[in-house]
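# Structure at a glance
These are the residues of each chain, in order.
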Amino acid sequence: MTHPSDTGPAPVLALKGISRSFGAVRALRDVSLELFPGEVHALAGENGAGKSTLIKTLAGVHRPDAGQVLLDGAPVVFHGPGDARDAGIAVIYQEPTLFPDLSIAENIFMGRQPRRAFGRIDHRATYEATAALMKRLGVELDPDRPARGLSIADQQIVEIAKALSFDARVLIMDEPTAALTGSEVARLFGVVRTLRDQGAAVLFISHRLEEIFEISRRVTTLRDGAWISSEPLDGMTEDDLIRRMVGRDLDELYPKQDVSPGETALSVRRLTREGVFTDVSFDVRRGEIVGLAGLVGAGRTEVARAVFGIDRWDAGEVEVDGRKLTNGAPSTAMAAGLALVPEDRRAQGLVMDMSIERNIGLTGLRTTVRAGLMDRGAERSRALDWAVRLQVKYARIADTVDTLSGGNQQKVVLAKWLATAPKVLIVDEPTRGIDVGTKAEVHRLLSRLAADGVAVLMISSDLPEILGMADRVLVMHEGRLTAEIPRADATEEAVMAAATGRTAA
Amino acid sequence: MADISLSRAIRWDTVVGALLVVVLLFSFGFVDGFGNALNLSFLIGNTLPIALIALPMTLLVVSGEIDLSVASTAGLSGAVMGALWNQGMTIEAIIPICLLLGVVCGLINGLLVTRLGLPSLAVTIGTLAAYRGIAQIVLGSDAVTDFPSRYLEFASGRIGDTSIPDAFLPFLALLAIAVVALHATPFGRSLFAIGASEEAARFAGVRVKRQKLLLFTLTGLMASLTGIFWALHYASARYDNATGLELSVVAAVLLGGIDFDGGKGTLGGAIAGVFLLGALQNVMSLQDVSAQSQIVVTGVLLVLSVLGPRVARQIAVARAGRRAAGSPPVSRTPAPTP
């Protein structure tokens, strides 16, 4: 746990004793970090540990109150993101912002396209420069293809290519894998390794610890804005890293209780939505946590949407507790005891500029009512009750949810649905993008709900989560259920085989 | 810093309310002829049509939609009323028919928006022209003035020797209903949610399309009620009654702090906006400002009232961003599409 002062190449970019406060909040306190060429360095820490502030300091968005940024050993001051970019520092964000109607090549060379006579854009040169970048990254993407319709993974690769076109020597990747599937992550890592081998310094941020171990050589850990450690990952375990991040031993990440399942609560029969998913049948019994695994695009979320009534189905039927649900009617699904914690909490799970109280209250518009009017006392106590039960960290219940951290936002979504006392709870990527401490809390909550007799269907792209929490694993591939694996037989290999369609299971 | 939007909305309401008081006090003190009973009854009477339509319009804008065809629906109702009266029907039979017509007009808007997914701005600009055109076909250039005196007196009369029009009391009842509906019922709650995030509302089980259809229908109904009132109040049913009224309604509602993007505002603010606009128009008339110039003022007010809260919010966000840790306000702005 010492500062890196190994021999070897000099750091291309370093932070020395950086502090940065926002009002009374000390976001960074005396943080140091060294990035070496040809090395992937991970940055670990819970939400609110100061990772974003550190990245923004490196990227020239924030200026430190104290401390130095050293470029090739010499102190520099970035007056804005442009300075950092000119110094060869590029940041790849979780959600790229490309112009959807422009081609990949145009996006990369936006505003600085090669020109021909009379200032006309030289399309051919732009195309070829882009093709060369793609080749250097070892990926196949047609430079003429419009950005619209590219997967997030491909969009990130375009952003990386753009960074390369600025001769970036330092690549900062802020949770690039959060929205990617397993195979997309593998491809992204291939690109990262290529860059590393070409001598780039990479700072990699991820909530998925196994990814940190897979791609990085060193890790710097932050906690509450303070530097905790910078050390090689060799010989460290995930538990070691978690301990540094949370400052204490974490309770088990997957606290699954043993439950003997009761009667069927959710029954899906031959459900089909043309061109999306076909002939999907399964049951979830009371007390069970059923994992629904598969690659992104396999149709898992789409099945959940149809079951809840957001989208219509073309054939089949859905029963909750023996009651047939109406096609395309979330309100009747809710009335039957179904709850859906959707995949995108910012767009679907929450009304971002409404208060915590009103967001939780939104599922109670039929229950916290007296004589046709809102019962404000009941609405508030219902919201407070559930916010406290789930230990949401907030200042005031009337604060808007966009003031909360991602983990706390997810707790509000859960609170909103648990307040309806659901018989069946569908959770879609329940722990995506939230820190490891909150993740364990969400898992404990799901386990306890199941033990209390709720039927839980858990969609997740996080395989350890599926394997750790599910009593049974259903696997989808290209719109069909391809496997049902009991907990005892569920291994990463078995699930991945079914998810990629390589199985006869 | 938390809850910028709410505190901002409350402050905007208060600002408009205070502004209304200031304008009224100023006018009583310094504008000749403002304070006499006859002028005040003109003020209220002329503002009532705006206020009546502002009730459903507020709910509609809160839910993220708009209806620009209201004035044409009002005109069409008046025209049909005149035409049927000329045919010799009784007024008691005509009024329900006109109200039903308003319902149909609103329903058409609502179905086009909710079933075909068209933007309400475009749909209702279209029906603005269409409904007005039908009004002209129905009544031509006639003006029908000989409605029964009992009705004319109600629509233009005053309570005793006060300056309060008879029609003001029914309006207050409708206002009370609208306030309760928007601010105290599950229905109102769902409108704010729809306006702030339609998708999140749908995922919370809110029946978005049904609520919107209901709102458009109610708006049509209130517009036709206003058209009937207009024809009786001015004792003249013409095809071009209430032309341009939608401008005043939308300007007043936005002036009252209803966010054009939906999800924010209070009915109290909207009504304060209506009477502020009404008072300004009245004062301008007393000062012999031409009708054309008044329209210019209304238009400028509309732009300012869209601009005002937005600038105020950006200042608040910038201030909060400087104070708080984490994301600077720039991260809120999405990348522009070329």
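Residues numbered from 1 in each chain as written. Chains lettered and ligands numbered in written order. Predicted model: local features only at pLDDT ≥ 70, side-chain atom pairs only at ≥ 80, totals over all residues. Heavy atoms only, no water.

## Things to note about the overall build of chain A
- Looking only at helices and strands, chain A has 17 helices and 22 strands in total.
- Its C-alpha atoms give chain A a radius of gyration of 24 Å, near enough to 23 Å, the size a compact globule of 505 residues would have.
- Dimensions of chain A along its principal axes, counting C-alpha atoms only, are 70 × 50 × 50 Å.
- Sorting the 505 residues of chain A into buried and exposed places 56% on the buried side. (Helix = DSSP H or I, 4+ residues; strand = E, 2+ residues; numbered from the N terminus. Rg over C-alpha atoms; globule rule 2.2 N^0.38 Å. Buried < 20%, exposed > 50% of the residue type's maximum accessible area, 1.4 Å probe, protein only.)

## Considering the overall build of chain B
- For chain B, the count of helices and strands is 13 helices and zero strands.
- Starting at the N terminus and ending at the C terminus, chain B contains elements arranged as α-α-α-α-α-α-α-α-α-α-α-α-α.
- By residue count, 52% of the 338 residues in chain B fall in the buried class.
- Taking as baseline every contact in chain B between residues at least 6 positions apart, the subset at least 24 positions apart corresponds to 77%.
- Carbon and sulfur atoms make up 68% of the accessible area of chain B, which amounts to about 14500 Å² in all. (Contact = heavy atoms within 4.5 Å. Areas by Shrake-Rupley, 256 points an atom, 1.4 Å probe, with all protein chains shown as cover.)

## A few points about the sheet that holds strand E15 (residues 323-324) of chain A
All names here are of chain A.
- The antiparallel open sheet is built from four strands, whose spatial order is E12-E11-E14-E15. The outermost strands of the open sheet, each flanked by one partner alone, are strand E12 (277-285) and E15.
- The sheet contact formed by strand E11 (residues 264-273) and E12 spans six bridges and is antiparallel. Opposite Leu-266, over in E12, you have Val-284 as the bridge partner. (Pairing = 2+ DSSP bridges.)

## Some thoughts on the UniProt feature "transmembrane region" (unreviewed entry) in chain B
Residue and element names in this part refer to chain B.
- On the UniProt side, "transmembrane region" (unreviewed entry) is annotated at positions that read residues 12-31, 37-61, 93-113, 120-139, 167-192, 213-236 and 291-312 here.
- Secondary structure content for residues 93-113 is 100% helix and 0% strand, while the C-alpha to C-alpha distance between its ends is 31 Å.
- Span residues 167-192 is 92% helix and 0% strand, its end C-alpha atoms 30 Å apart. (UniProt positions renumbered as here; feature names shortened; annotations may be inferred.)

## Focus on the interface of chain B and chain A
- Listed by partner, the interface residues are 34 residues for chain B and 42 residues for chain A.
- In this assembly, chain B packs against chain A so that about 3000 Å² is buried in total across both faces, 62% of it on carbon and sulfur atoms.
- Per-residue buried area on chain B facing chain A is highest for B:Pro186, B:Arg189 and B:Phe203; these three make up 25% of the total on that side.
- For A:Glu379, the salt bridge is made with B:Arg189, and the minimal N-O distance between the two is 2.6 Å. (Buried area = accessible area lost by both parts, 1.4 Å probe. Salt bridge = Lys/Arg side-chain N within 4 Å of Asp/Glu carboxyl O.)

## With respect to a nonpolar patch on the surface
- Taken together, the side chains of B:Val296, B:Val300, B:Leu304, B:Leu307, B:Val311 and B:Ile315 make up a nonpolar region of the molecular surface, amounting to roughly 520 Å² of accessible area.
- Within the secondary structure, B:Val311 is located in helix H13 (residues 291-323). (Patch = residues over 30% accessible without salt bridge, like charges linked within 9 Å, V, L, I, M, F, W, Y side chains within 5 Å.)

## Thoughts on empty space enclosed by the protein
Residues and elements named next belong to chain A.
- Tallied over the entire structure, the rule returns three cavities of 30 Å³ or more.
- Along the walls of the largest cavity sit 16 residues, with Ala-178, Arg-208, Thr-431, Arg-432 and Gly-433 positioned nearest its centre.
- Each residue belonging to the lining of the largest cavity can be placed in one class, and the counts come to two nonpolar, seven polar and seven charged. (1 Å grid on protein atoms, 1.4 Å probe; cavity = no way out; pocket = protein on both sides within 12 Å on 5 of 7 lines; lining within 4 Å. Points joined across faces, edges and corners; volume = space filled by probe spheres on them. Nonpolar A, V, L, I, M, F, W, Y, C, P; charged D, E, K, R; others polar.)

## A few points about the sheet that holds strand E16 (residues 338-341) of chain A
Residues and elements named next belong to chain A.
- One open sheet holds the six strands; their spatial order is E16-E19-E20-E13-E21-E22, and the pairing between them is mixed. Here the strands that pair on one side only, and so sit at the sheet edges, are E16 and strand E22 (480-486). Ignoring which end each strand starts from, the neighbouring axes of this sheet average 20 degrees apart.
- Of the pairings in the sheet, the one linking E16 to strand E19 (residues 424-428) comprises four bridges and is parallel in character. Residue Val-341 lies in a different strand from E19, and its bridge partner there is Val-427.
- The sheet strands contacting helix H17 (residues 492-499) are strand E13 (289-294), strand E21 (472-477) and E22, and the helix crosses E21 at an angle near 30 degrees. (Axes fitted to C-alpha atoms, helices over the stretch in contact; angles between N-to-C directions.)

## Regarding the pattern of salt bridges
Residue and element names in this part refer to chain A.
- Tallied over the entire structure, the rule returns 36 salt bridges over all chains.
- For Arg-270, the salt bridge identified is with Asp-279, shortest N-O distance 2.8 Å.
- Residue class for Asp-279 comes out partly exposed when judged on its relative accessible area of 31%.
- Of the charged contacts in the structure, one is a salt bridge between Glu-288 and Arg-472, with a shortest N-O distance of 2.8 Å. With Glu-288 in the loop between E12 and E13 and Arg-472 in strand E21, the pair connects residues that are 184 residues apart, well separated along the chain.
- Exposure remark for Glu-288: the relative accessible area of 4% places this residue in the buried category.
- If you follow the salt bridges from partner to partner, you end up with Glu-39, Arg-217 and Arg-218 in one network.

## Brief notes about the nonpolar core
- Core analysis: the biggest nonpolar cluster contains 98 residues, and B:Met81 and B:Phe171 have the highest contact counts within it.
- No other element matches helix H2 (residues 37-62) of chain B, which puts 15 residues into this core.
- If near-sequence neighbours (up to four positions away) are discounted, B:Met81 is found in contact with B:Ile91, B:Ile94, B:Cys98, B:Phe147, B:Ile228, B:Ala231 and B:Leu232.
- Formed by 80 residues, the second largest nonpolar core is a distinct cluster that contains A:Met334, A:Val412, A:Trp417 and A:Leu474. (Core = buried A, V, L, I, M, F, W, Y, C linked by side-chain atoms within 4.5 Å.)

## With respect to the packing of aromatic side chains
- A complete count under the given rule lists seven aromatic pairs over all chains for this structure.
- Consider the rings of B:Trp85 and B:Phe147, whose centres lie 5.9 Å apart with planes at 50 degrees: the pair is tilted. Remark: B:Phe147 occurs in the loop between helix H5 (120-139) and helix H6 (149-156) and B:Trp85 occurs in helix H3 (residues 70-86); sequence separation between them is 62 residues.
- Looking at B:Phe147, the relative accessible area reads 4%, which means it is buried.
- Its end group placed over the ring of A:Trp386, A:Arg389 keeps NZ or CZ at 4.0 Å from the ring centre. (Phe/Tyr/Trp six-rings, centres within 6.5 Å; stacked < 30°, edge-to-face > 60°. Lys NZ or Arg CZ within 6 Å of the ring centre and 35° of its normal.)

## Description of helix H12 (residues 267-286) of chain B
Residue and element names in this part refer to chain B.
- For H12, built from 20 residues, the straight-helix expectation of 28 Å at 1.5 Å per residue is met to within 8% by its first-to-last C-alpha distance of 28 Å.
- Counting buried residues along H12, 16 of its 20 residues qualify, which places the element largely inside the surrounding structure.
- Positive phi shows up at Asp-288, right after H12, with a value of about 60 degrees. (Expected span 1.5 Å × (residues − 1).)

## Quick word on the packing of helix H4 (residues 91-114) of chain B against H5(B)
Residues and elements named next belong to chain B.
- H5 packs onto H4 with a crossing angle of 150 degrees between their chain directions and a minimal axis gap of 9 Å. Here the hand of the crossing between H4 and H5 comes out right-handed. Within the contact between the two elements, H4 uses Cys-105, Ile-108, Asn-109, Leu-112 and Val-113 and H5 uses Ser-120, Val-123, Thr-124, Thr-127 and Tyr-131. (Left-handed = near helix turned anticlockwise from the far one by under 90°.)

## A few points about unusual backbone geometry
Residue and element names in this part refer to chain A.
- Non-glycine residue Asp-224 carries a positive phi angle of around 50 degrees.
- Here Arg-270, not a glycine, exhibits a phi torsion of approximately 50 degrees, which is positive.
- Mapped onto the fold, Arg-270 is located in strand E11.

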